[in-house]
Each structure stands twice: as structure tokens, then as C-alpha cells.
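An overview of the molecular structure
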Amino acid sequence: PPLLLLGRTCPAPACRRLYGMGSSSRPNAVVLGEAIAAEEVDLVVPSHDFSRDALVSSPEQYQQMYKRSIEDPAGFWSEIASQFDWKERWSPEVCSENIDVRKETVKIEWFKGGVTNICYNALDRNIEAGNGDKVALYWEGNEPGQDGQLTYAQLLEKVCQLASYLKHVGVGKGDAVVIYLPMLMELPIAMLACARIGAVHSVVFAGFSAESLSQRIIDCKPKVIISCNAVRRGAKVIHLKEIVDNALVESTKNGVPVDLRLIYENESAMDKETTKWQEGRDIWWQDIVPQFPTKCPVEWVDAEDPLFLLYTSGSTGKPKGVLHTTGGYMVYTATTFKYAFDYKPSDVYWCTADCGWITGHSYVTYGPLLNGATVLVFEGAPSYPDAGRCWDIVDKYKVTIFYTAPTLVRALMRDGDEYVTRYSRKSLRILGSVGEPINPSAWRWFYNVVGDSRCPISDTWWQTETGGFMITPIPGAWPQKPGSATFPFFGIEPVIVDEKGNELEGECSGYLCIKKSWPGAFRSLYGDHERYETTYFKPFAGYYFTGDGCSRDKDGYHWLTGRVDDVINVSGHRIGTAEVESALVSHPHCAEAAVVGVDHEVKGQSIYAFVTLVDGIPYSNEVRKSLILAVRSQIGAFAAPDKIHWAPGLPKTRSGKIMRRILRKIASRQLDELGDTSTLADPSVVDQLIEVSDR
Ligand code: WT7
């Protein structure tokens, strides 16, 4: 394996006490105040009532189900899959896989030969079961008071109209469609419409720049792009249509023109009249889609036919098109949603993630709707107009399951308890966390203040690549430890290995890998199966390598410690250092750049860039600003470096490799931990860097 550096240290407090486990005389949830030291009480036990009503009520029940899922995966998963509608059943096997690169090419197949449709299973099936009048989507706009809703039956009609239109303009099975929309109901509608006709959607987060959007368009060559004219986020208006236009100028230059742009008029942000328009090529959604039939026949697809592409950042080069297929993804997202959130039909579920990320795919759109759940879609910013917005929304819709990211928890925690306690939040039952490790103090605040010490927290560890939850609490089953994602989901065998790939036993710390495939696993990187094998299956042969570090404590709880590769996690957004560096060096004044992540109180990590300018260019604030602008316009605002550190030179080995380990220490001012600098081509570079660091 390449030389990897373990990220953050494990926040795991030594587990001191285990009480109440599995016994009926379980004490109620322990109230954990900051005043109580982590070492004193570090287990949070679900209340007896909660566990009694939970889908999985005890560690024993979990263990029994888990054991079955590992010993008999075919039996376990086919029983679950049978609850969905299949036009034809899979055959001959439930799963066929090779994840060992030493044997032959990596291949993962689940339910192969099975014929189904995920949109049918999410909508038609639930309507047939009598849920047509149940609310499928609530929508809350940027401004309080702006809202909407669709029942399952209404959602199906909307999806069918768009699907009918897409078919009419020639989009068919296997064709790519790029969706560049904010969190309007039209976003899940567009995803489901593609799925209905077997088209492959590629949602691009509407915070990505024109350049990033064009890069993705060039890679997947869509027939249509679906977007809107503008969006309001907080007090800002973002002109998405202009970004789309610019992206398509670029993609056209690269031989990928997209002849059709379906644009939704997002009236509250911008009207038709002021939107730049090209007749013929640009089509207003509202002008055409409602004219199409509200029924659209389903395109039945093989379980292994592609469902979507989603681009994500890696440690090197251009973004990777993570490819997910239909059947396994359907079964896996539905099942993980159900158990990790202990789903009940009466729940109102809100996930704050955007559908532009995997969380919005699996746990705004597919997982919840496959379960017939009521889902809230929120267009706005979580602290607009003030830090109480989330709880205002929770009370307004009586949200029972609230799923968000640690960065938001920390930001709201800083704004103070008042914004929270002003609202009732009585409806809340379960809280969820995703995107990065949640530090124990944020966990406790979330638990005590937001959840009134009543709601278990599902800290779900997973990735774009895994499709669904991999290590997650099953609320009600286990006592929780603040900051630990606890135990593997059914069917998942996590292993922790050392640098040589040896599996470590018991209490240990190392690289997190997964043995064997699972239904929701990604099947390839679009157009680059070799990179798929090299990145994920070669570092530790015989395993899927996650890119994360992990510790296991003596009770078997897992503690994720962050990325061990050159990927930075800013507010739960994955950003490749190489991408930021390439944006920086594209600036004419930049000679060289090296980017590292440093711990950040709210964002988890922030981007810190070391930059050397071209000879003769004076180091100035102006250049600094224009470098940051280069990153914003090439990737997106969320990837902008927080700090540009002028570097007369960069620490390199004699072979020219930049030693990021040293840069990380300088960036976080851990100057006494620089380690061995003698292998550097020019060790004096380090002193120079330290000297200029306050400039
Ligand atoms: C990376 C995946 C999966 C949806 C959002 C991010 C980190 C994610 C957790 C968690 C610790 C987490 C990992 C992972 N991560 N969830 N609960 N605890 N770390 O998806 O962009 O594919 O990023 O996010 O480092 O590898 P993604």
C-alpha cells in the first residue's frame, strides 16, 4: 500500500462501565452534561420504552440478525428483496463477486437477472399498498412561510409527466441526464423520472462552479440537462442558469454540446423575464412538462443496469464518476434507512443534506420513499433567517427523525442553546449524523439540548461509494458511546488492517477495509474500471479499502478517525487536495501549491494552502484574493481555502515529492512535532515557512 498517514487521533474515551446491556431492567437514558467527565459516564443507554418499540430491541437481537446476514447473505438479502416488486426474479445467484484483484478483474453483482424499477417500487408500489394520499414530500422554501407538499399519488403524476416528456425528447434507457437543481421538489422528481425510464441521472450539486459542471458534463455526455433559473440561499441569489450556460460553452468546445436545457422557473428567486434565454435550445419546464400525460409506463431494467452516476473527489486527478446500479442499491438503501432510523410509518423524516451529494440520493430520495415515508425537502440555509430555523421547521412539520451533519451541529451549538430551547421539538424521536466523525462534545450537545436527552443518535458512517450506511447504531439495540459509529450494519464485515494489510484483532487502530461486497456497493468508476481497482481494491488486496482510519475499542465499538489519504473533509464535503492545487496553479501568478487540511472548530477541517508565486510577482493581498477566486470559480465556493500561506519554497524529498506531513504540522502550528526533516532536499525550507507563517 502507499504510505498513508493516520488522520486524527481517536477521541474514544476508555469505556469504563457497561450497564443495563440486554437486561430488562435497563436504566433510562443517562443525561450527559458537559459537567460530567467523559470518563465518568460514557455509555448512553436507550430508554426501556424506546427499545421495546424499536425494530431491533436488544444487542442479542442485533447479533442474531447480524450473524445470519454474514453466515447466509443470500438467504438474508433475498428475504428482504422479496418484499419489493420484481418483474422477474433474479437468477441464479443472489450475489456473485470478485473483490480480490489478485484473482481477476473486480466484479460485483447482486440480484443479477432480476428485473425491476426503483421508481415503481418507491411510488407505484406504495400507492398500491394504499398510501396514495399519504404525504410523500413536504417542501419548505428559503423564506419561512414558503412551502408545499405532494402526496404519493401527486408525486407519481409529476414524475410521470417529466418522464413522459423526457421520453418524448428522445431520452431512453441508459442515456445520461445531468440534473443541476437546488432543493426544490423538482430535484427528487427529476431523479425519479430518470429512474422510471431507465435513464442514468447524474446530479451535480448546485454549489459547483461552471467549470466543475462542465467537467462532469464532458465525462458523462448527457442528452438533456435539467436546471432552474436561480435559487435563493439565505440572503443570496445564485443564478444557476448562467452557470449552466457557461458550463455548456466549455463542454461544447470539448465536443459535448447539450442540445436541450430544461429550465424550471424558480419564481421566488428570479422571474422569467430577467432570465437570459435562447429560444429553441432552452425550454421552460412549466411551459411544457405539465402538458404531458400523468401516466408513464415503467421501463423495466436489470438489477445490474446503472441507476446513477455521482461524481466525487479522490486524492488525485479529476473527480470520479461513482456508478451505482439498480437492484442492490434499492434493497440496501431501503433496508439501511429502515433499521438505522428505526422507521415507523407515522414518522416525518428530515435530512438536511442536498440531493447533490450521496446522502441526498440514498436518504432524501430513494431510501425513505422506498419505505413509504414522509420526507421533508428544505431549500434554504439552516441558519436563515436565524439559528432557530431548523427547530422552527421541526415544530412546523412535527419532524420525528432529524438527520444532519456534525458541522451544522457545531455551528448551532456555538449560536447558543436559546435558539433551540425556544422551540418545543417534542416530535423528535431520533437524531442522525453523517459526513465526518462527530466529536463527543458536539454529540452530547446534540443529544442533550436538541434531543432533550431522549433521542438516540444514529452516527452513520458510509461513503458515496458504499451507497448506504456501513457502520451505524441501530437505535434501541445498543447503548451508545458519544462519538462512536458503533457497529456494522447487517451484511457488512469491517476489518481494521495494519500497513501490511494484516487484519488486527480486538482493541486496535489502523486502516478500515471491508471484506466481501454488499448490495449497495458501487460497481465501477464510470469509464475507468482500472482506476476503480487501483484506488479501492489494490491498496489492501482482498479487501475494499475505504480511505478512512478507524479504531476499535475493547467493547468492539468503532471510532472513525478521518481520511488517511489526500482528501479533506470540509463541513462533510469531500475535497481532493489535488483538485484545489490544480485550481491554484492554473492562476498565472502561481508557481506551485500544496494543500492540506487543518482542524477547524465548526467545519471539522478547513483548507490551508501553501503557495509559491512566480518569480518577480510580489506577494500581496490582492494576489491572495485572486487565488481564492480561482478555486471558487473552478470548483465552488465550498472549496475555497481559508488560509493562503506564502511559501518561498516547499518541503520536498530528493525525488521531488512534497512532504505534506510537515506541511500539516506547520499549518496546525505543531512545530515541535515536525519529525525527521533530514530527508528533505533542502531542510532550510522548513524554517523559512515557519518564519513567514504569520505574514
Ligand atoms: C467520507 C465519505 C456518506 C455521506 C456523506 C459523505 C467521512 C462520512 C462519517 C461518519 C466519520 C464519516 C469519511 C468517509 N464520513 N460519514 N459518520 N463518521 N466519518 O460522503 O463525500 O463520500 O465522504 O466522509 O471520511 O470516507 P462522501
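Given the structure is predicted, the values throughout are model-derived calculations rather than measurements. (Residues numbered from 1 in each chain as written. Predicted model: local features only at pLDDT ≥ 70, side-chain atom pairs only at ≥ 80, totals over all residues.)

1. Remarks on the overall build of the protein chain
The helix and strand tally for the protein chain stands at 20 helices and 30 strands. Over its C-alpha atoms the protein chain spans a radius of gyration of 25 Å, differing by no more than 12% from the 26 Å that the globule rule assigns to 695 residues. For the protein chain, buried positions account for 55% of its 695 residues. (Helix = DSSP H or I, 4+ residues; strand = E, 2+ residues; numbered from the N terminus. Rg over C-alpha atoms; globule rule 2.2 N^0.38 Å. Buried ≥ 20, exposed ≤ 12 C-beta atoms within 10 Å, placed from the backbone.)

2. Details of the sheet that holds strand β21 (residues 493-497)
Sheet strands associate in pairs through backbone hydrogen bonding, adopting either a parallel or an antiparallel arrangement. The four strands are arranged β21-β22-β24-β25 in an open sheet whose pairing can be described as antiparallel. Each edge of the open sheet carries a strand with a single partner, namely β21 and β25 (558-563). Across this sheet, the average inter-strand angle for adjacent strands is 45°, counted without regard to direction. In this structure, strand β24 (residues 544-552) lies alongside β25, joined through five bridges in antiparallel fashion. Within β25, the residue paired with Cys550 across the bridge is Leu560. (Pairing = 2+ DSSP bridges. Axes fitted to C-alpha atoms, helices over the stretch in contact; angles between N-to-C directions.)

3. Topic: the environment of Val580
Within the secondary structure layout, Val580 lies in helix α17 (residues 577-585). Residues Val580 and Ala609, 29 residues apart in the sequence, show an inter-C-alpha distance of 8.6 Å. Those residues in contact with Val580, other than ones at most four positions away along the chain, are Ile575, Val595, Ile607, Ala609, Val631, Ile635, Ala639 and Pro641. (Contact = placed C-beta atoms within 7 Å.)

4. Some words on the site of the ligand
As a matter of local geometry, the ligand sits amid 24 residues, with Trp461, Gln463, Thr464, Leu560 and Arg574 nearest to it. Counting only elements with at least two residues in the shell around the ligand, the list comes to α11 (358-370), β24 and β25. (Near = placed C-beta within 6 Å.)

5. Topic: the pairing of strand β17 (residues 374-378)
Most of β17 sits out of view: five of its five residues are buried. Both faces of β17 are covered, namely the face carrying Thr374, Leu376 and Phe378 and the face carrying Val375 and Val377. Note that strand β4 (residues 135-140) and β17 share four bridges and pair parallel. Residue pairing in the sheet places Leu137 in a bridge with Val375 of β17. Two strands pair when backbone bridges link them, and strand β16 (residues 348-351) and β17 are joined in this way by three bridges, in the parallel orientation.

6. A short note on the UniProt feature "domain: Acetyl-coenzyme A synthetase N-terminal" (unreviewed entry) in the protein chain
Within this numbering scheme, the UniProt entry marks residues 62-122 as carrying the feature "domain: Acetyl-coenzyme A synthetase N-terminal" (unreviewed entry). Between the end C-alpha atoms of residues 62-122 there is a gap of 27 Å, over a span that is 39% helix and 16% strand. (UniProt positions renumbered as here; feature names shortened; annotations may be inferred.)

7. Points about the packing of helix α4 (residues 118-131) against α11
When two helices pack together, their arrangement is given by the angle between the helix axes and the distance between those axes. Running from amino to carboxyl end, α4 crosses α11 at an angle of 60°, the nearest separation of the two axes being 8 Å. Between α4 and α11, the angle falls in the class oblique. Relative to α11, α4 is oriented so that their crossing is left-handed. Of the residues in α11, those touching α4 at Ile118, Asn121 and Ala122 are Tyr366, Leu369 and Leu370. Of the residues belonging to the contact of α4 with α11, the class tally is five nonpolar, one polar and no charged. (Parallel < 35°, antiparallel > 145°, perpendicular 65-115°, else oblique. Left-handed = near helix turned anticlockwise from the far one by under 90°. Nonpolar A, V, L, I, M, F, W, Y, C, P; charged D, E, K, R; others polar.)

8. Looking at unusual backbone geometry
The linkage connecting Ser91 with the following residue, Pro92, adopts the cis geometry, with an omega of 0°. Within the secondary structure, Pro92 sits in the loop between α3 (73-81) and β1 (95-98). Of note in this structure, Lys398 is not a glycine but carries a positive phi near 55°. On the secondary structure map, Lys398 appears in the loop between α12 (389-397) and β18 (401-404). On the basis of neighbour counts, which here come to 14 C-beta atoms within 10 Å, the residue Lys398 falls in the partly exposed class. Positive phi, normally seen in glycine, also occurs at Ser571, with a value near 50°. Position of Ser571 relative to the elements: it lies in the loop between β26 (567-570) and β27 (573-576).

9. Focus on the sheet that holds β18
Strand order in this open sheet of seven strands is β5-β4-β17-β16-β18-β19-β20, and the pairing throughout is mixed. The open sheet has two edge strands with one neighbour each: β5 (147-151) and β20 (457-459). If you compare each strand with its neighbour and ignore which way they point, the axes differ by 20° on average. Here four bridges tie β18 to strand β19 (residues 430-433), and the two strands are oriented parallel to one another. Across the sheet, Phe402 pairs through a bridge with Leu431, a residue of β19.

10. Let's talk about α11
Within α11, 13 of the 13 residues are buried, leaving the element largely enclosed by the surrounding structure. Following α11 by one or two positions, Gly372 adopts a phi angle in the positive range, close to 75°.

11. Some remarks on the environment of Ile575
By the element assignment, Ile575 lies in strand β27. Take Ile575: there are 23 C-beta atoms within 10 Å of it, and that puts it in the buried class. The sequence separation of Ile575 and Asp53 amounts to 522 residues, and the corresponding C-alpha distance is 40 Å.

12. Focus on the confidence of the model for the protein chain
Residues of the protein chain with pLDDT of at least 70 account for 94%, and the chain-wide mean is 92. Under a pLDDT of 50 for its full length, residues 1-41 has, in the predicted model, 84 contacts with residues more than four places off or in other chains. This prediction of the complex comes with two scores: 0.92 for pTM and 0.99 for ipTM. (pLDDT = per-residue confidence, 0-100.)

13. A look at the environment of Arg232
Tracing the sequence through the fold places Arg232 in strand β9 (residues 231-233). Each C-alpha atom, one on Arg232 and one on Cys160, is 27 Å from the other, the two residues being 72 residues apart in sequence. Setting aside anything within four residues of it in sequence, one finds Arg232 in contact with Asn142, Val237, Ser268 and Ala269.

14. Examining helix α16 (residues 529-537)
Because an α-helix completes one turn every 3.6 residues, residues spaced three or four positions apart along the sequence face the same direction. Residues of α16 that are buried include every one of Tyr532, Tyr536 and Phe537, and no others. One side of α16 holds all its buried residues, which, seen down the axis, span an arc of 70°. Its buried side turned inward, α16 meets β23 (524-525) and β24. (Arc of directions from axis to C-beta.)

15. A closer look at the packing of helix α5 (residues 152-168) against helix α6 (residues 186-196)
For the pair α5 and α6, the least separation of the axes is 8 Å and the interaxial angle reads 55°. When the axes of α5 and α6 are compared, the pair comes out oblique. The handedness of the crossing between α5 and α6 comes out as right-handed. Contact residues: Lys158, Val159, Leu162, Ala163 and Leu166 in α5; Ile189, Ala190, Leu192, Ala193 and Arg196 in α6.

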